[in-house]
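Observations on chain architecture
Chain residues, written in single-letter form:
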Amino acid sequence: MSLQELKEQVLKLSASDRLSLMSVIVESLQEIPSFTPERSGAIGRMRGLLKTSQPAPTDEEVAVMLEERRVEKYL
């Protein structure tokens with residue numbers, strides 16, 4: 001059954017049956033596991049990989065690195 005056919009069938013139901021159907025759909029969606037904790041844990045691990053004992057480069061140092069990279073790439 002296509003989505004369009006399903007919509008047509010739903011509209012033929014009484015208001016109380018549509019509310020019951022909506023309730024069942026909402027409940028089924030709440031049973032889907034959330035991946036947020038998994039993602040936030042991965043983000044925390046990635047942040048740990050980025051930590052170094054060295055200070056962040058200054059704007060001037062970054063500008064020099066970018067210029068060196070451009071020279072390597074284009075010359």
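See above for the structure.
Residues numbered from 1 in each chain as written. Predicted model: local features only at pLDDT ≥ 70, side-chain atom pairs only at ≥ 80, totals over all residues. Heavy atoms only, no water.

By the secondary structure assignment, R47 is in helix α3 (residues 36-50). The spacing of R47 and D59 is 12 residues in sequence and 21 Å in space, taken between C-alpha atoms. (Helix = DSSP H or I, 4+ residues; strand = E, 2+ residues; numbered from the N terminus.)

So, about the environment of S2. Assignment of secondary structure puts S2 in the segment before α1 (3-11). Note on S2: relative accessible area 34%, which makes it partly exposed. Distance from S2 to G44, taken between C-alpha atoms, is 42 Å for residues 42 residues apart in sequence. (Buried < 20%, exposed > 50% of the residue type's maximum accessible area, 1.4 Å probe, protein only.)

This part takes up the pattern of salt bridges. Counting across every chain of the model gives 1 salt bridge. For the salt bridge of E67 with R70, the shortest nitrogen-to-oxygen distance reads 3.9 Å. Highlighted residues: E67 and R70, both in helix α4 (residues 59-74), separated by 3 residues, approximately one helical turn. For E67, a relative accessible area of 43% puts it in the partly exposed group. (Salt bridge = Lys/Arg side-chain N within 4 Å of Asp/Glu carboxyl O.)

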